[in-house]
Amino acid sequence: MKELEKKEMRIILASASPRRRELLSQLGVEFEVCPSQGEEKITEHLPELAVMQLAQQKAADIAGKTEGDAWILGADTIVVYDQKILGKPKDEEDAKRMLGMLQNHRHQVYTGVCIWKKGNGSEEIRCFYEKTDVVFYPMTEEEITKYVATGEPMDKAGSYGIQGIGGLYVREIHGDYNNVVGLPIARLYHELQK
Ligand SMILES: Cc1cn([C@H]2C[C@H](O)[C@@H](COP(=O)(O)OP(=O)(O)OP(=O)(O)O)O2)c(=O)[nH]c1=O
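Residues numbered from 1 in each chain as written. Predicted model: local features only at pLDDT ≥ 70, side-chain atom pairs only at ≥ 80, totals over all residues. Heavy atoms only, no water.

Colleague: Could you give an account of the packing of aromatic side chains, with specific residues and numbers?
Modeller: Counted according to the given criterion, the structure contains 3 aromatic pairs. On the basis of an interplanar angle of 70° and a centroid distance of 4.8 Å, the ring pair of Phe-136 and Tyr-160 is categorised as edge-to-face. Of this pair, Phe-136 sits in strand 6 (residues 122-136) while Tyr-160 sits in the loop between helix 5 (141-149) and strand 7 (170-174); the two residues are 24 residues apart in sequence, bridging distant segments of the chain. Each ring, one from Tyr-147 and one from Tyr-169, has its centre 6.3 Å from the other, and the planes form 50°; the classification is tilted. With Tyr-147 in helix 5 and Tyr-169 in the loop between helix 5 and strand 7, the pair connects residues that are 22 residues apart, well separated along the chain. Like Tyr-147, the residue Tyr-169 is buried in the burial classification. A cation over a ring is seen here: Arg-171 above Tyr-137, with NZ or CZ 5.8 Å from the ring centre. (Phe/Tyr/Trp six-rings, centres within 6.5 Å; stacked < 30°, edge-to-face > 60°. Helix = DSSP H or I, 4+ residues; strand = E, 2+ residues; numbered from the N terminus. Buried < 20%, exposed > 50% of the residue type's maximum accessible area, 1.4 Å probe, protein only. Lys NZ or Arg CZ within 6 Å of the ring centre and 35° of its normal.)

In structure tokens, the structure reads:
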């Protein structure tokens, strides 16, 4: 962390997510934002491996375009219910379908993070993930329709935002809240100190 605090290291967040940007600013160090543009592909079946794979693909895209030394951070968030991986909804119908599945049940939110260090001509790649369990209150069809109409679900894994109106339907949470929002910042802070 000393390197970070002395601002000796260039840090690049390979994400377009404003939530990730906000959470990363908690580290108190300067960083650049350079969203990954690449198409990500999942070949892993286990959710914990799939999110780390996606996070690594995002970091790899930016690492390939970055000259010189830098630490590149990639992240990806997915929701898992009944062994199904739920990403961002394709459209409003898809969002309603996901919320219909999640309501009144427990699901898992996984965020994978990749720390890609480029320095002195060598590269070091480290990935980790965090899992948070979330239990939803029941939602009526009317509530689901109204919630989807707010637009909030449309850019979020599992079609909800715990930090927004979606939080009204969260009965329990076990694990890191920030992990659900898209970046497990406490774990990242500790990983960066290793
Ligand atoms: C479950 C949940 C997800 N999310 C968000 C976190 C992620 O931004 C998003 C999942 O999509 P991601 O593909 O992980 O990330 P992104 O497309 O927003 O950004 P980028 O790929 O450029 O890094 O869902 C919330 O904001 N709140 C929640 O409660």
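Don't stop here, the text continues.
Colleague: Any details on the site of the ligand? Residues and values, ideally.
Modeller: In the vicinity of the ligand there are 20 residues, among which Ser-15, Ala-16, Arg-20, Lys-58 and Lys-88 approach most closely. Measuring from an oxygen atom of the ligand, one finds a side-chain N or O atom of Ser-15 at 2.6 Å. Within the backbone of Ile-162, an N or O atom sits 2.7 Å from an oxygen atom of the ligand. The fraction of the free accessible surface of the ligand (600 Å²) that becomes covered by protein chains is 91%. Elements that contribute at least two residues to the shell around the ligand include exactly helix 2 (18-24), strand 3 (70-81) and helix 6 (177-181). Element by element, the count of residues in the shell around the ligand is highest for strand 3, at 3 residues. Within the shell around the ligand, the residues separate by chemical class into 7 nonpolar, 6 polar and 7 charged. (Near = heavy atom within 4 Å. Polar contact = N/O pair within 3.5 Å; in protein donor to acceptor, adjacent residues only side chain to side chain. Areas by Shrake-Rupley, 256 points an atom, 1.4 Å probe, with all protein chains shown as cover. Nonpolar A, V, L, I, M, F, W, Y, C, P; charged D, E, K, R; others polar.)

Colleague: Could you give me a rundown of the pattern of salt bridges, with the residues and numbers involved?
Modeller: Throughout the structure, instances matching the rule amount to 16 salt bridges. Notably, a salt bridge pairs Lys-65 with Asp-61, separated by 3.1 Å at the nearest N-O pair. Linking Lys-65 with Asp-61, this pair stays in helix 3 (residues 47-65), spanning 4 residues, or about one helical turn. Across the salt bridge formed by Arg-126 and Glu-124, the nearest N and O atoms sit 3.8 Å from each other. (Salt bridge = Lys/Arg side-chain N within 4 Å of Asp/Glu carboxyl O.)

Colleague: An account of the pairing of strand 6 is needed here, citing residue identities and associated values.
Modeller: As paired strands, strand 5 (residues 106-119) and strand 6 are joined by 14 bridges and run antiparallel to one another. Among the inter-strand pairings, Thr-111 is bridged to a residue of strand 6, identified as Glu-130. Here strand 5 folds back onto strand 6, and the loop between the two strands holds 2 residues, one of which, Asn-120, carries a positive phi near 50°. (Pairing = 2+ DSSP bridges.)

Colleague: Which residues make up unusual backbone geometry, and what values do they have?
Modeller: Phi is positive for Gln-83, close to 65°, though the residue is something other than glycine. Positionally, Gln-83 belongs in the loop between strand 3 and strand 4 (84-86). Phi at Ser-159 is positive, roughly 70°, even though this residue is not glycine. The topology assignment puts Ser-159 in the loop between helix 5 and strand 7.

Colleague: Explain the nonpolar core residue by residue, including any values.
Modeller: If you look at the biggest cluster of nonpolar residues, it comprises 39 residues, and the most contacted ones within it are Leu-24, Phe-136, Tyr-160, Leu-183 and Leu-188. Once residues lying within four places of it in the same chain are set aside, the contact partners of Leu-188 are Leu-24, Leu-73, Val-113, Ile-115, Phe-128 and Leu-183. Counting residues in hydrophobic clusters, the runner-up holds 10 residues, among them Ala-55, Ala-59, Ile-62 and Trp-116. (Core = buried A, V, L, I, M, F, W, Y, C linked by side-chain atoms within 4.5 Å. Contact = heavy atoms within 4.5 Å.)

Honestly, that's just the spatial picture; any functional story needs more than this.
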